Amino acid sequence: MKHRHTGRVLSRGRNQRRALIKTLLGSLVLHESITTTEAKAKEIKDSVDQVIGKAKVARTDASRRVAMIRELRKKLPVVAIEKLVSDFGARFDARQSGYTRIVKIDARKSDGARMAIIEFV
């Protein structure tokens, strides 16, 4: 039974899945748009909202800045954190959520996987 289990498995073990999500988030922050499968795009969408919320807090509240950056290091590479706190904090000040959009594209030719582009609004 799958009671109280949320999220997608993505055909990986727990540690591999966490590493995959961390690199996808880092790539999305650095490049602002990535092409991946629909399942992976939908899986990281919630994580992006959480990460940007923490970056906004780190940008505005000086007393909680160190704690928020420590939390961000668990989910993002260090290079992405610098860009996130400096650029995205100001960019999404007026917006409460919904920082990304997922655009579905044609299936991948080799294996027929459904593909999508995830990008910042």
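This text follows the structure it describes.
Heads up: these notes are all about the structure in this document. It should be emphasised that the depicted structure is a prediction, and the values quoted were computed from it without experimental measurement.

1. Focus on helix α4 (residues 78-91)
The terminal C-alpha atoms of α4 lie 20 Å apart, and with 14 residues this matches the ideal 20 Å at 1.5 Å per residue to within 8%. For α4, every residue scored as buried is listed here: A80, I81, K83, L84, V85, F88 and G89. Structurally, α4 contributes buried residues whose contacts are with α1 (14-31), α2 (38-60), α3 (65-75) and β3 (115-120).

2. Concerning the nonpolar core
Counting residues in hydrophobic clusters, the biggest one holds 26 residues, and the most contacted among them are I44, L72, L76, L84 and F120. Looking at this core, the elements that each hand over two or more residues are α1, α2, α4 and β3. In this view, F120 contacts L28, V29, E32, V48, I52, F88, R91, F92, Y99, T100 and R101; residues no more than four positions away in its chain are not counted.

3. Observations regarding the environment of Y99
Positionally, Y99 belongs in the loop between α4 and β2 (100-105). By relative accessible area, which is 2% here, Y99 ends up buried. Leaving out residues up to four positions away in the same chain, Y99 has contacts with D49, I52, K56, F92, E119, F120 and V121. A distance of 3.0 Å separates a polar atom in the side chain of Y99 from the backbone oxygen of Q96.

4. Thoughts on the pattern of salt bridges
The tally for this structure, following the rule as stated, stands at nine salt bridges. The closest approach of N and O atoms between D111 and R108, which form a salt bridge, is 3.0 Å. By sharing partners, the salt bridges in this structure join E32, K83 and R91 into a single network.

5. Regarding the side chain of T37
Positionally, T37 belongs in strand β1 (residues 33-37). Contacts of T37, omitting those with residues within four sequence positions, involve R108, A113, R114, M115 and A116.

6. Quick look at the sheet that holds β2
Taken together, the three strands give an open sheet; going across it, the order is β1-β3-β2, and neighbouring strands pair in antiparallel fashion. Unpaired on one side and paired on the other, β1 and β2 mark the two borders of the sheet. Each strand axis lies, on average, 25 degrees off the axis of its neighbour in the sheet, ignoring direction. Taken together, the five bridges between β1 and β3 define a ladder with antiparallel strand orientation. Opposite I34, over in β3, you have I118 as the bridge partner. Seen against the sheet, α1 touches β1, β2 and β3 and runs at an angle of roughly 145 degrees to β1.

Here is what the cut-offs are and how they apply
Residues numbered from 1 in each chain as written. Predicted model: local features only at pLDDT ≥ 70, side-chain atom pairs only at ≥ 80, totals over all residues. Heavy atoms only, no water. Helix = DSSP H or I, 4+ residues; strand = E, 2+ residues; numbered from the N terminus. Expected span 1.5 Å × (residues − 1). Buried < 20%, exposed > 50% of the residue type's maximum accessible area, 1.4 Å probe, protein only. Contact = heavy atoms within 4.5 Å. Core = buried A, V, L, I, M, F, W, Y, C linked by side-chain atoms within 4.5 Å. Polar contact = N/O pair within 3.5 Å; in protein donor to acceptor, adjacent residues only side chain to side chain. Salt bridge = Lys/Arg side-chain N within 4 Å of Asp/Glu carboxyl O. Pairing = 2+ DSSP bridges. Axes fitted to C-alpha atoms, helices over the stretch in contact; angles between N-to-C directions.

Purely spatial values, then, with no claim about function.
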